[in-house]
Structures are given as C-alpha cells and as structure tokens.
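Okay, here's what each chain looks like letter by letter:
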Amino acid sequence: MKKLFLALASVAVLTTSCCGGVSSKADLKTAQDSVSYALGVAIGQSVIQNLKQMPFDTIDVKLYAAALANSKPSEKYITYAQGQLDTIYTDIFMDACRAQIALGKAAISFDEAQALLNNKAAAKRQEMQALRDAQAIENERAGRAFLESNIKNEGVDSTATGLQYKIITAGNGPKPTASDRVKVNYRGTLIDGTEFDASKEGEPATLAMRGVIKGWTEALQMMPVGSKWQIYVPSNLAYGKHGAGEKIGPGATLIFDIELVEIVK
C-alpha cells in the first residue's frame, strides 16, 4: 500500500496557486472523511520526503504549505484514488496534506493514516472482487445457454473440450502446430454481438500459437490454410473468470470469425 500511494510523484499531485494559513484541526464525521484525510496525510508526508531530496540549501515547508492554501489536487490523481478508495473529498484531502507538510503532524499520525488506507483499499478490493464473481456467474450462465442453443444450428459442431465451430470455407493447405506462428484475419464479438477486437482490413495479424487463448490454439490446429471458420469459445477456453480489457467481462463466452491465411516459417 505504501508503494501504491507514496511512489506517486507526490509534488505533481498538487497544483499551487496563492497563499493562506495552515491548520491541523479536522472534523471527520464519516468514514470517507477519514479516508480523504488519511490520503492527504500520506501524500503530505511524501511531499516532505521529496522536498528533502531537492537540490536546495533550505526549504521552508511552512511557506510551501501555505502556498497550497487555495490549490486543488490533480483531477487525474483524485480519479485514480477514488477508483482505489471510493469518494475522496478534495477539501479534506488538501487540509490534511497542508497540515502534514507544515506541521509534520496532522490530526492523525502518518502510521494511522497508512493503516486506515490499507484497510480501506483491502475492503475495496474485496468489494470489487465480489462484483466480478457475481458478474462471472451471470456471464457463465448466459454463455452456457447460448452454447446449448447454438449447437442445434445447422453446420455447428463441437469438440471434446466444449469448443464449438462452424466451417464457412474449407481450406486445403497444411495445418499449423502448437509451436507455429500464423497469419490470420479475424473478428471477435461477445454473444450479444458487441465487437471487442478485429484485425485490420487487408492486414492479417501475425500471432504465435503459444500466445493465444486455448480455444484459438485448438481451433487453428484443426484448420487447413485457406479455411474460414466461426468458432464459439466457452469462458474456460477464453479468458476465464478474469476477463480481458474493458469489454470482455469475467466468465464471458466469445465468438470469433477466423480466416487462416498462412503459416509463418
């Protein structure tokens, strides 16, 4: 947790403007008030450490803190922090930051701030994991229902692993092995039709068989060069409970249109 919050370029987190006073008083009524204050203490302490490393003979930390009186923290940093800790109140955050810089001791100690941030971040991670687990269960249920219906469609077949495929064009070239690299044209969608990835038109992608999802490795080894297949990949042969990127959720079943253009030697 210390690395998470203090390894950030703490001086750059703040944008200074004009002067004002500094106080160590805090009126913390809610849990998020305390989290906001603790984060300010942590960043304030990090600023102090950064100032000590600057190539100047002396820096008056009280004057430096006063110069932050009407400053606002970087919106990018606050957005990041809120993703880790929920709501951050910037006025409370700045009060704590200035107090820690100017006085070296805010209303809570640096150790108390770190403990509070550690606990909050752990609770947030558990909350987010619970949401992802619930989403994975729902996506897996939807994927199973889709595959159970899809296998009944004309031309759709399946393998022992549960991978489903439909041959659009039967090629007559060699088949790649698991150690080969291949050139492919492809398009990937979710079962609701949302596209999440595709090769560029007229520019086949070159991929290592060892670097693709299990469903791709299995399907490509059955495809002669020149083939065009549509494959239907259950989550355990795709990205599993972790998902991938912003569009592929945990437990998602995926559909790919694949044209095997060439085995790269």
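In this text the structure is predicted, and so the values were computed from the model without any measurement. (Residues numbered from 1 in each chain as written. Predicted model: local features only at pLDDT ≥ 70, side-chain atom pairs only at ≥ 80, totals over all residues. Heavy atoms only, no water.)

**Looking at the overall build of the protein**
- Secondary structure assignment for the protein yields seven helices and nine strands.
- By residue count, 40% of the 265 residues in the protein fall in the buried class.
- A fraction of 75% describes how many contacts in the protein between residues 6 or more apart in sequence connect residues 24 or more apart. (Helix = DSSP H or I, 4+ residues; strand = E, 2+ residues; numbered from the N terminus. Buried < 20%, exposed > 50% of the residue type's maximum accessible area, 1.4 Å probe, protein only. Contact = heavy atoms within 4.5 Å.)

**Structural notes on the packing of aromatic side chains**
- Under the criterion given, the structure shown has five aromatic pairs.
- Relative to Trp229, the ring of Tyr165 lies with its centre 4.7 Å away and its plane at 15 degrees, an arrangement referred to as stacked. With Tyr165 in strand β4 (residues 164-169) and Trp229 in strand β8 (residues 228-233), this residue pair connects regions lying 64 residues apart in the sequence.
- With a relative accessible area of 14%, Tyr165 lands in the buried category. (Phe/Tyr/Trp six-rings, centres within 6.5 Å; stacked < 30°, edge-to-face > 60°.)

**Some words on the packing of helix α4 (residues 75-85) against helix α6 (residues 110-150)**
- Here α4 crosses α6 at 70 degrees, and the two axes come no closer than 7 Å. When the interaxial angle is binned, α4 and α6 end up roughly perpendicular. On the side of α4, the interface is formed by Gly83, Gln84 and Leu85, while α6 contributes Leu117, Lys120, Ala121 and Lys124.
- The residue makeup of the contact of α4 with α6, split by class, is three nonpolar, two polar and two charged. (Axes fitted to C-alpha atoms, helices over the stretch in contact; angles between N-to-C directions. Parallel < 35°, antiparallel > 145°, perpendicular 65-115°, else oblique. Nonpolar A, V, L, I, M, F, W, Y, C, P; charged D, E, K, R; others polar.)

**Observations concerning the side chain of Ser227**
- By secondary structure assignment, the location of Ser227 is in the loop between α7 (214-220) and β8.
- For Ser227, the side chain forms a polar contact with the main-chain nitrogen of Gly171, separated by 3.0 Å.
- At a separation of 2.7 Å, a polar atom in the side chain of Ser227 contacts the main-chain carbonyl oxygen of Pro224.
- Excluding anything up to four places from it in sequence, Ser227 contacts Thr169, Ala170, Gly171, Ile258, Glu259 and Leu260. (Polar contact = N/O pair within 3.5 Å; in protein donor to acceptor, adjacent residues only side chain to side chain.)

**Description of α6**
- For α6, with 41 residues, the first-to-last C-alpha span of 58 Å sits near the 60 Å given by 1.5 Å per residue.
- Those residues of α6 not exposed but buried are Phe110, Ala113, Gln114, Leu117, Ala121, Lys124, Ala136, Glu140, Gly143, Leu147 and Asn150. (Expected span 1.5 Å × (residues − 1).)

**Describing α4**
- Within the sequence span of α4, burial applies to Tyr77, Ile78, Ala81 and Leu85. Along the axis of α4, the buried positions cluster into a sector of 95 degrees, meaning they face one direction only. In this structure, α4 carries Glu75, Lys76 and Thr79 as exposed residues pointing more than 90 degrees from its buried face.
- Just downstream of α4, Asp86 is the residue with a positive phi angle, here 75 degrees. (Arc of directions from axis to C-beta.)

**A word on the confidence of the model for the protein**
- Per-chain confidence: the protein averages 83 in pLDDT, with 80% of residues scoring 70 or above.
- Per-residue pLDDT, averaged within each element of the protein, yields its smallest value for helix α1 (residues 2-6) (41) and its largest for β8 (98).
- Ignoring residues within four places in sequence, the model shows residues 1-24, a span with pLDDT below 50, making 76 contacts including any to other chains. (pLDDT = per-residue confidence, 0-100.)

**Quick look at the pattern of salt bridges**
- By the definition in use, this model includes three salt bridges.
- Among the salt bridges present, the one from Glu140 reaches Lys241, with a minimum N-O distance of 3.0 Å. On the criterion of sequence distance, the pair formed by Glu140 in helix α6 and Lys241 in the loop between β8 and β9 (254-264) is long-range, its members being 101 residues apart.
- With a shortest N-O distance of 2.7 Å, Arg187 and Glu195 are connected by a salt bridge. (Salt bridge = Lys/Arg side-chain N within 4 Å of Asp/Glu carboxyl O.)

**Examining the pairing of strand β5 (residues 181-190)**
- Across four bridges, the pairing between β5 and strand β7 (residues 205-208) is antiparallel. The residue bridging Val184 from the neighbouring strand is Ala205, located in β7.
- Bridge analysis of β5 against β9 gives ten bridges, and the strand direction is antiparallel. Bridge assignment links Val182 to a residue of β9, and that residue is Ile263.
- Sheet topology places β5 next to strand β6 (residues 195-198); three bridges connect them, and they run antiparallel. The residue bridging Gly188 from the neighbouring strand is Asp197, located in β6. (Pairing = 2+ DSSP bridges.)

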